[in-house]
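Examining the three-dimensional arrangement
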Amino acid sequence: MAKDKEFVKEITPQSQDFSQWYLDVIRKADLADYAPVRGCIVFKPDGYELWERCQAGLDRRFKATGHRNAYFPLFIPESLLLKEVEHVEGFNPELPWVTEAGGEKLTERLAVRPTSETVIGEMYHRWVQSYRDLPILINQWANVVRWEKRTLPFLRTTEFLWQEGHTAHRTEAEAREEVMRMLDVYRDFIETDLAIPVIPGRKSESEKFAGAVETYSIEGLMKDGKALQAGTSHFLGQNFSHVFDIQFLDDDGQRKYVWTTSWGMSTRVIGATIMVHGDDRGLVLPPRVAPLQVVVVPILKKGQDDVLTRAQAIADGLRGVARVRLDDRAEYSPGWKFNDWEMRGVPLRVEIGPKDLEKNQAVIARRDTGEKLFVSLEGLDATVSNLLETIQKEMYERAKAFMAGSTRQAETFEQLADIIENQRGFVRAGWCGDAACEAEIKEQTKATIRNIPLELPKQGPGRCVKCGHEAKHEVLFARAY
RNA sequence: CGGGGUGUAGCGCAGCUUGGUUAGCGCGCCUGCCUUGGGAGCAGGAGGUCGCGAGUUCAAAUCUCGCCACUCCGACCA
């Protein structure tokens, strides 16, 4: 361990200060920088490409489930926002307002959107007439603004990038089905592409989205034992359709209100990727989303000019199976490059030196395990391709094992409090469903109900960990970001 | 928004207590030589509104006040 520290300077060890480690990694891996506006970050190319790959993975799944992209305006007139009472109350404290433009005071002030249910509700009101107009399955890629008190790069920034799906349906059953379908799309994306295991479940009343009937979430567990909500899917019932008067004439001749849903995932998942997979050497990226998957480092020796040529050819040969870069910079030593690319989380490093060429082999180093392999240059592309898949799979398995090992059961409040205080992680426990018990637990342990897992407990929910009455649910407690 | 910490070169810091004339150090950066299998070496060089604004003083990085930003801890949240 002491040796690791020598190689990777300027990254605080996780065990010493996880928050500082997180910020160090973002800086050293060149993902983002602070912007001149409070709480805002600049996505640097590697950070932005991570987001682009998340976008691609999600967008493909949205299209496959019948959704299309559209774009709604950044500004929301106050009058629209005021229509849904719970919704406004939820978001009001964090809204930025435009009150003046073109040198004049506006007749109606405009909120910079914190989310788009209201504008979209207004538009759906105009677009829906008949049951034949339904369902409307629209997604928007956008930036939104929430003036949060406390910000943290990727996890909670004043302005953030996300996607928000907004759908309108003819029946309640269809809308509910959509909510669960999209929750599962999120689960599939984050587990498959980002190698992050999550627990899908329903939010408690106190934690649900402002204006929703029900909110579902996927919850991940970071390496410091804190939970992170990585995506949400809301069943909005007819709340917004009543407020925005979204009605249609059904085939039975009756006018009916539509049932709506909304669901979102943000650039927060980049933060999750960092905190689930990263280590004391820096970032560890899942191959599927890594901007660069393989770096080829030639070991240049004096009088061995063919090494560079061969390394170039080998890098070119790998381009068919991976995103590859040849690091032929003469000004850095191989050791320096090793550390640099490890900090940036590149999944595989291929070393090509004179000794390797003699033996017709290459040295491959895995970023996730640190393992070094001596492999033949014959069929190198297949080897690399297989390794990338293996890494993707094993990163998920390791994260899953970590989550399983950090998930504990509590029968009593004392157990719950003890686990939260001393071990962190997830705690499964019974809950009577009373908001008062939930609030007391939060106050005393700082742990919240992350969600009520969809997967039911094997032996029934038991007793409420707080009041001891019969439990309605088994829920997942954790301290969270 | 409440409480603590920090702000001096791209990054990390010293100097501030006890004001003083040319503001230092390490890394990084530039040029050259030499090197390259886990952050090499030598030589030369560039780079500063000391976060911003007032004030005290003959004199402010240093003292006082205000503001801003970042960060940690709380309440709010993707």
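This part takes up the nonpolar core. If you look at the biggest cluster of nonpolar residues, it comprises 53 residues, and the most contacted ones within it are Phe 154, Ile 190 and Ile 274. The set of elements that each furnish at least two residues to this core consists of helix H2 (18-28), strand E2 (41-43), helix H3 (45-64), helix H7 (172-192), strand E10 (214-221), strand E11 (227-237), strand E14 (259-266) and helix H9 (268-277). Here this core gets eight residues from one element, more than from any other, and that element is H7. For Ile 190, the contacting residues outside a window of four places in its chain are Ala 195, Ile 196, Val 198, Ile 218, Ala 230 and Val 269.

One pass over the full model with this rule turns up 42 salt bridges. Here Arg 109 makes a salt bridge to Glu 78, at a shortest N to O gap of 3.1 Å. Separated by 31 residues along the polypeptide, Arg 109 in strand E6 (residues 104-112) and Glu 78 in helix H4 (residues 78-81) bring together distant segments of the chain. Among the residues examined, Arg 109 registers a relative accessible area of 33% and is labelled partly exposed. The residue Lys 256 makes a salt bridge to Asp 250 at a minimum N-O spacing of 2.8 Å. You can call Lys 256 partly exposed: its relative accessible area is 28%.

Whether parallel or antiparallel, the strands of a sheet pair through hydrogen bonds between backbone atoms. Read across the open sheet, the 11 strands follow the order E3-E7-E8-E14-E11-E10-E9-E22-E23-E21-E20; overall the sheet is mixed. Every other strand in the sheet has two partners, leaving strand E3 (68-69) and strand E20 (407-410) as the edge strands with one partner each. Sheet topology places E3 next to strand E7 (residues 136-145); two bridges connect them, and they run parallel. Bridging from a neighbouring strand, Arg 68 pairs with Ile 138 of E7. The strands touched by helix H14 (residues 413-422) are E20, strand E21 (426-431) and strand E23 (473-478); relative to E20, the strand with the most contacts, the crossing angle is about 155°.

A word on the packing of helix H10 (residues 306-318) against helix H13 (residues 380-405). One can describe the packing of H10 onto H13 by two numbers: an axis separation of 9 Å at closest approach and a directional angle of 55°. As judged from the angle between their axes, H10 and H13 are oblique. Where H10 crosses over H13, the handedness of that crossing is right-handed. Every residue of H13 that contacts H10 at Ile 314, Gly 317 and Leu 318 is listed here: Leu 380, Asp 381 and Val 384.

Let's shift gears to the environment of Ser 204. As for its position among the elements, Ser 204 is in the loop between strand E9 (199-202) and E10. Linking Ser 204 and Val 296, residues 92 residues apart in sequence, is a C-alpha distance of 50 Å. Those residues in contact with Ser 204 that sit more than four places away from it in its chain are Trp 431 and Glu 438.

Another point: empty space enclosed by the protein. Tallied over the entire structure, the rule returns one cavity of 30 Å³ or more. Together, Glu 117, Ile 120, Gly 121, Tyr 124, His 166, Thr 167, Leu 236, Phe 240, Ile 246, Thr 260, Thr 261 and Ser 262 line the largest cavity. Listing elements by their share of the lining of the largest cavity, those giving two or more residues are helix H6 (117-127), strand E8 (159-169) and E14. Looking at the lining of the largest cavity element by element, the count peaks at four residues for H6. Considering only residue class, the lining of the largest cavity consists of five nonpolar, six polar and one charged.

A few words on the layout of surface pockets. The calculated volume of the second largest pocket comes to roughly 650 Å³. Along the walls of the second largest pocket sit 29 residues, with Gln 409, Arg 428, Glu 455, Lys 458 and Glu 474 positioned nearest its centre. Top contributing element to the lining of the second largest pocket by residue count: H13, with four residues. Here the residues of the lining of the second largest pocket sort into 14 nonpolar, six polar and nine charged. Two domains share the lining of the second largest pocket, each providing at least three of its residues, namely domain 1 (18-277) and domain 3 (409-478).

Rules behind the numbers
Residues numbered from 1 in each chain as written. Chains lettered and ligands numbered in written order. Predicted model: local features only at pLDDT ≥ 70, side-chain atom pairs only at ≥ 80, totals over all residues. Heavy atoms only, no water. Core = buried A, V, L, I, M, F, W, Y, C linked by side-chain atoms within 4.5 Å. Buried < 20%, exposed > 50% of the residue type's maximum accessible area, 1.4 Å probe, protein only. Helix = DSSP H or I, 4+ residues; strand = E, 2+ residues; numbered from the N terminus. Contact = heavy atoms within 4.5 Å. Salt bridge = Lys/Arg side-chain N within 4 Å of Asp/Glu carboxyl O. Pairing = 2+ DSSP bridges. Axes fitted to C-alpha atoms, helices over the stretch in contact; angles between N-to-C directions. Parallel < 35°, antiparallel > 145°, perpendicular 65-115°, else oblique. Left-handed = near helix turned anticlockwise from the far one by under 90°. 1 Å grid on protein atoms, 1.4 Å probe; cavity = no way out; pocket = protein on both sides within 12 Å on 5 of 7 lines; lining within 4 Å. Points joined across faces, edges and corners; volume = space filled by probe spheres on them. Nonpolar A, V, L, I, M, F, W, Y, C, P; charged D, E, K, R; others polar. Domains from an automatic or database assignment.

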